[in-house]
There are 2 protein chains.
Amino acid sequence: MNIEKYPSKLLENAVNEFSKLPGIGRKSALRLVLHLLRQEASEVSAFGNSLIQLRNEIKHCKVCHNISDTETCQICANPARNNSVICVVENIRDVMSVENTQQYNGLYHVLGGIISPMDGIGPSDLEIESLIKRVDSGEVIEVILALSTTMEGDTTNFYIYRKLKGKDVKVTTLARGVSIGDDLEYTDEITLGRSLVNRVNYENSLGK
Amino acid sequence: MNIEKYPSKLLENAVNEFSKLPGIGRKSALRLVLHLLRQEASEVSAFGNSLIQLRNEIKHCKVCHNISDTETCQICANPARNNSVICVVENIRDVMSVENTQQYNGLYHVLGGIISPMDGIGPSDLEIESLIKRVDSGEVIEVILALSTTMEGDTTNFYIYRKLKGKDVKVTTLARGVSIGDDLEYTDEITLGRSLVNRVNYENSLGK
């Protein structure tokens, strides 16, 4: 459709709003809006209000900067979690990914991004200073760097590593290696090489 | 992700609402919600309210059942349009498609669906009676059936054709033929056969 003639301003307005979302073009937006038109008014209100309420009422945890309904997030406030380990991640999706493994019982620190000069994101745009302060508070034994294995991730890892150097804290990073279920034939050389260098005792690899 | 642990009830609620939309899974919903969280509160309000307002204030044109901001839609209310021709379509998206061709100056009649016994949709669920009434009003010279070329579309076409039989109105349907830009080699036999039977004078095919 080159020329878009909507039969209604209200419709056009809703389509415009929907198509601002990433990955949603004008045709998909129209499809979604027409779907909503077929729903009960109360359902559409619930949808619209859930978004407005989310944006207005959501908080960021004052300790780890994860999003939260309260001043301190559920994870930081949980006394059963190990507060001497901090896992540094890029965003809240990564918190959810690590939580879903059910293999981690420490706390998090959400940077809010990674250092990316191309996008104009420097260390001062990220929650790095507050991480250093948490480490300086003295209770932290280990900082796990869990960023993407990209150049930006590696840069950010190295920046944080240098900032923490000399402090009484162990800095670790996620193990790199062959993914479970992966065919060796199709594993890239760098990953395969790294997993050879960092090979582990077979008994340890069985997990618990 | 098998177990979804959201750091916030508000977030979970918004993700639930988004993933009710057709074609949006829980991962996409989370991505969209996190995108909205990064926008200004006023933008998110505009988005949410545009949907609520649309659902609450939209009207259906009392003549053609197209959606509209007013009692009678812009097309039906336009004195420049030819009110002796009615193009029968399935839904408002089809109205927009025909309008976008800029080749049609008559009015529309939106059925709100097509006869589909498999989905439990019979003639009484569609705006067929109101179409007959419009024809009976006497001003209509031609009814153009512009439904999908599916079995359901053909059934609906035939149902309406029978209802209009004997009335003083010409019933036409869209020309079926080889799409413009299509390779003959890849055109299906039925379409190609139909376009041979209904071949047109070359001079007429040049368009205006």
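Every chain is numbered independently, its residues counted from 1 as its sequence is written. Written order determines the labels here, with chains lettered from A and ligands numbered from 1. This being a predicted model, a pLDDT of at least 70 is required before a residue's local features are given, and a value of 80 or more before pairs of side-chain atoms are given or counted; all residues contribute to the totals for chains, interfaces and linings. Remark: hydrogens and water are excluded; side-chain values derive from all non-hydrogen atoms of the structure.

A.B. asks: Sorry if this is basic, but what is going on with the interface of chain B and chain A here?
C.D. replies: When the parts come together, some accessible area is lost, and that loss is often what is quoted as the size of the interface. Every residue pair with non-hydrogen atoms within 4.5 Å of one another is taken to be in contact. Taken together, the 57 residues of chain B in the interface contact 57 residues of chain A. As a working definition, buried area equals the accessible area (1.4 Å probe) given up by two parts on being put together, with both sides summed. Carbon and sulfur atoms make up 69% of the surface buried where chain B meets chain A, a total of about 5,400 Å² over both sides. Salt bridges are defined by distance alone: a side-chain nitrogen of Lys or Arg within 4 Å of a carboxyl oxygen of Asp or Glu. The interface formed by chain B and chain A contains zero salt bridges. Breaking the side of chain B that touches chain A down by element, the ones donating at least two residues are α1 (9–18), α2 (26–37), α3 (41–57), β2 (67–68) and α4 (92–101) of chain B. Helix and strand labels come from DSSP, where a helix needs a run of H or I of at least four residues and a strand needs a run of E of at least two; each type is numbered from the N terminus. If you tally residues by element for the side of chain B that touches chain A, the top one is α3(B), at 16 residues. Residue classes follow a fixed rule: Ala, Val, Leu, Ile, Met, Phe, Trp, Tyr, Cys and Pro count as nonpolar, while Asp, Glu, Lys and Arg count as charged, and any other residue, Gly among them, counts as polar. When its residues are assigned to classes, the side of chain B that touches chain A shows 28 nonpolar, 16 polar and 13 charged.

A.B. asks: Explain the UniProt feature "domain: Toprim" (unreviewed entry) in chain A to me, please; I cannot follow it from the model alone.
C.D. replies: Cross-referencing UniProt, the feature "domain: Toprim" (unreviewed entry) maps to residues 84–179 of chain A in the present numbering. The span residues 84–179 of chain A is 33% helix and 20% strand, and its two end C-alpha atoms sit 29 Å from each other. UniProt positions are given in the numbering used here, feature names are shortened, and annotations may be inferred rather than shown by experiment.

A.B. asks: Looking at this structure, how should I read the UniProt feature "zinc finger region: C4-type" (unreviewed entry) in chain A?
C.D. replies: Sites flagged by UniProt as "zinc finger region: C4-type" (unreviewed entry) map to residues 61–76 of chain A. In the segment residues 61–76 of chain A, helix accounts for 0% and strand for 12%; the C-alpha atoms at its two ends are 8 Å apart.

A.B. asks: Is there a simple way to think about unusual backbone geometry in this case?
C.D. replies: Negative phi is the rule for most residues except glycine; trans is the rule for most peptide bonds. At H65(A), a position not held by glycine, the phi torsion is positive, near 70 degrees. Counting through the fold element by element, H65(A) comes out in the loop between β1 (59–60) and β2 (67–68). Accessible area is worked out with a 1.4 Å probe on protein chains only. A residue is then buried under 20% of its type maximum, exposed over 50%, and partly exposed in between. Given a relative accessible area of 16%, H65(A) falls into the buried group. Of note, the phi angle at Q102(B) is positive, near 55 degrees, even though the residue is not glycine. Turning to its location among the elements, Q102(B) is positioned in the loop between α4 and β4 (106–110).

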